[in-house]
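# Coordinates in review
Residues per chain, in single letters:
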Amino acid sequence: MLRLSHAFFAVLAVALPSAASAASPQSFKGEYTVSFLGLSIARSTFSSHYENGAYAIEGSVTAAGLAKLFDDTRGTISSKGTISGKKMVPQAFRADYTSGKKASAIDIRFANGAVTSTQVVPAPGKRDPNDWVPIGAGDLASVLDPMAATVIHADSLDQVCGRTVKFYDGEMRADLTLTYDSKGTISVPGYKGDTVTCRMGFEPVAGYRKGRKALNYLRNKSRMMVTFAPLGQTGVYAPIHATVGTQIGPLTISARRFEAVE
């Protein structure tokens, strides 16, 4: 990914539920805590709305706890698009954030499920063609932005796992595979009920540097688990808990509130 802060936002995107596929307007809200080695490092909130086949999501993220001493990152994320059947079709994604005094932004636009433009501020530096995997002409077709990639449309909990999500964060194209692990239950403010946990695999496709240790670890050694819960009776399943193994310890994302609002 582009930089530490870009990676930070991409991981947080796993914890932001998206829109619903219901006939009547539906709204959702949630609050999450991100912790590393048991210490809180960030908090995020989101609100999303679906109406007449279109979805819109807005979220905010702020560094918390000890993380503020090293990287005082804060910003906003937004995504919008449509839902065709059980398929998310993004139209636009944007992240604006600051890390200390440094401002950055990512803006991705889509048409018919394919990326039409990407703007990153500040622009990435020149890449060495000898160790860089460039994005090819067909790599950005039928892809999802970091927020749309988090939501699963399924007929039941049994059908949430067993799929591959094509993910694009503004620079990297990667495949996220979800494999069934277990079922369970959870209780948080706004939701008490059944969940399903999927093991998530990570496979970089393009837009990355060869031999990067962090990516090799995610692909070959990291244990990534995502627990999904339903958003009301909408047929939408969103993460309520996630753990990502890193080279120096586990990153955990947990919902403090998870609810559908009539």
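Our structure's up above, just so we're on the same page.
Residues numbered from 1 in each chain as written. Predicted model: local features only at pLDDT ≥ 70, side-chain atom pairs only at ≥ 80, totals over all residues. Heavy atoms only, no water.

### Digging into the state of the cysteines
Within the structure shown, the criterion is met by one disulfide. The partner cysteine of Cys-161 in its disulfide is Cys-198, sulfur to sulfur 1.9 Å. Its S-S torsion of about -85° marks the bond between Cys-161 and Cys-198 as left-handed, since a negative value means left-handed. One end of the pair, Cys-161, is in the loop between strand E9 (152-153) and strand E10 (163-168); the other, Cys-198, is in strand E12 (residues 191-206), with 37 residues separating them in the sequence. Pair check on accessibility: Cys-161 and Cys-198 agree, each one buried. (Disulfide = S-S within 2.5 Å. Helix = DSSP H or I, 4+ residues; strand = E, 2+ residues; numbered from the N terminus. Buried < 20%, exposed > 50% of the residue type's maximum accessible area, 1.4 Å probe, protein only.)

### Looking at the pattern of salt bridges
Taken as a whole and judged by the stated rule, the model has 10 salt bridges. Taking the shortest distance from any N to any O, the salt bridge between Asp-107 and Arg-94 comes out at 3.1 Å. On the criterion of sequence distance, the pair formed by Asp-107 in strand E6 (residues 102-111) and Arg-94 in strand E5 (residues 87-99) is long-range, its members being 13 residues apart. Given the relative accessible area of 7%, Asp-107 is considered buried. As a salt-bridge pair, Glu-259 and Arg-257 come within 3.4 Å of each other at their nearest N and O atoms. On the basis of relative accessible area, Glu-259 is assigned to the buried category, the value being 16%. For Arg-257, a relative accessible area of 29% translates into the label partly exposed. A single salt-bridge network, built from bridges that share partners, covers Arg-94, Asp-96, Asp-107 and Arg-109. (Salt bridge = Lys/Arg side-chain N within 4 Å of Asp/Glu carboxyl O.)

### Examining the pairing of strand E14 (residues 224-230)
Among the seven residues in E14, seven count as buried, and that is most of the element. Taking every second residue as pointing to the same face, both faces of E14 are buried, with Met-224, Val-226, Phe-228 and Pro-230 on one and Met-225, Thr-227 and Ala-229 on the other. The pairing of E14 with strand E15 (residues 236-246) spans seven bridges and is classified as antiparallel. Bridging from a neighbouring strand, Val-226 pairs with Ala-242 of E15. (Pairing = 2+ DSSP bridges.)

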